[in-house]
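An overview of the molecular structure
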Amino acid sequence: MTTVGISAARAALASCHDCHLVVRAPAHHVAATCPRCGAAIHGRKPNSLVRTWALLITAIILYVPANLMPIMTVTSLGNTQSDTIISGVIHLLHHGMWPLALLVFFASVVVPMLKLIALVFLLVSVQGRWQWRPVDRTRLYRITELVGRWSMVDIYVVTILVALVKLGELATIEARAGAVFFGAVVVVTIVAAESFDPRLIWDEVGESRE
Ligand SMILES: [Zn+2]
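1. Description of helix H4 (residues 134-148)
Between the first and last C-alpha of H4 there are 21 Å, a value that for 15 residues agrees with the 21 Å anticipated at 1.5 Å per step. Buried within H4 we find Arg 137, Thr 144 and Gly 148. Seen along its axis, H4 keeps its buried residues to an arc of 35°; they face one direction. Those residues of H4 that are exposed and aimed more than 90 degrees away from the buried face are Val 135, Asp 136, Arg 139, Arg 142 and Leu 146.

Here is the structure:
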């Protein structure tokens, strides 16, 4: 089964967020700085849960207009048409480009939603002091963090593909509000994942083994 070593917190040690120097953990509510680089030292990211919840709820709210509002308007030979992410996907399907349609659908609709669900799950599990599968939950966090870096590509993919499909002799393409909301969802979700402290998953587990 899982073997649990002595955590740094148990050994009264903490690592610097910036240069990762291991130092003696400061007492509660005592401001301490890293002797090497001068950054503030915290055993755990301060207010991690509250901050992550706030960012996550913001991202969930932004997710709605990101999917309902048009991300772009294409004017071609006097024809103007606005597309949401979903209608862009449907255009791709109509043109027989179903592998691309699936790619865009998963990258722009499914993956951002799964990321939000994963973070909500991690927050609930830490607040509920679950001891259930800490290794898998840590892995889930790692995947969520990793996927975030690639999310920004989606918006370019959908915009370029839809434009290519529709492009006539003369066409103008304008980004619309939906694209801004979509970008905001991606950025806010990355910051939310960053503000979550995965060591919180292990705090309960460590205590139960003693
Ligand atoms: Zn440091």
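2. Quick look at the sheet that holds strand E5 (residues 171-175)
Here three strands make up an open sheet; going across it, the order is E4-E3-E5 and the pairing antiparallel. With one partner strand each, in any of the chains shown, strand E4 (79-83) and E5 form the two edges of the open sheet. Strand-to-strand, the axes of this sheet are offset by a mean angle of 15°, without reference to chain direction. As defined by bridge partners, strand E3 (residues 72-76) adjoins E5 across five bridges and the pair is classed as antiparallel. Each bridged residue has a counterpart across the sheet, and for Thr 75 the counterpart in E5 is Thr 172.

3. Details of helix H3 (residues 98-127)
The first and last C-alpha atoms of H3 sit 42 Å apart over 30 residues, in line with the 44 Å expected at 1.5 Å per residue. The largest bend along H3 reaches roughly 35° and is located at Phe 106. The complete set of buried residues in H3 reads Ala 101, Val 104, Phe 105, Ser 108, Pro 112, Lys 115, Leu 116, Leu 119, Leu 122 and Val 126. Count one or two residues on from H3 and you reach Arg 129, which has phi positive near 55°.

4. Thoughts on the pairing of E3
Note: E3 against E4, five bridges, orientation antiparallel. The partner of Thr 75 across the bridge, within E4, is Thr 80. In this structure, the hairpin formed by E3 and E4 is closed by a connection of two residues, where Leu 77 is found at a positive phi of approximately 50°.

5. Considering the packing of H3 against helix H6 (residues 177-195)
At a minimum axis separation of 11 Å, H3 and H6 run at an interaxial angle of 30°. One element, H3, and the other, H6, form an angle in the roughly parallel class. Helix-helix and strand crossings are classified by hand; for H3 and H6 the assignment is left-handed. Together, Pro 112, Lys 115, Leu 116 and Leu 119 of H3 and Val 185, Val 186, Thr 189, Ala 192 and Ala 193 of H6 make up the contact between the two elements.

Conventions we followed
- Residues numbered from 1 in each chain as written.
- Predicted model: local features only at pLDDT ≥ 70, side-chain atom pairs only at ≥ 80, totals over all residues.
- Helix = DSSP H or I, 4+ residues; strand = E, 2+ residues; numbered from the N terminus.
- Expected span 1.5 Å × (residues − 1).
- Buried ≥ 20, exposed ≤ 12 C-beta atoms within 10 Å, placed from the backbone.
- Arc of directions from axis to C-beta.
- Pairing = 2+ DSSP bridges.
- Axes fitted to C-alpha atoms, helices over the stretch in contact; angles between N-to-C directions.
- Bend = angle between axes of the 7 residues up to and from the residue.
- Parallel < 35°, antiparallel > 145°, perpendicular 65-115°, else oblique.
- Left-handed = near helix turned anticlockwise from the far one by under 90°.
- Contact = placed C-beta atoms within 7 Å.

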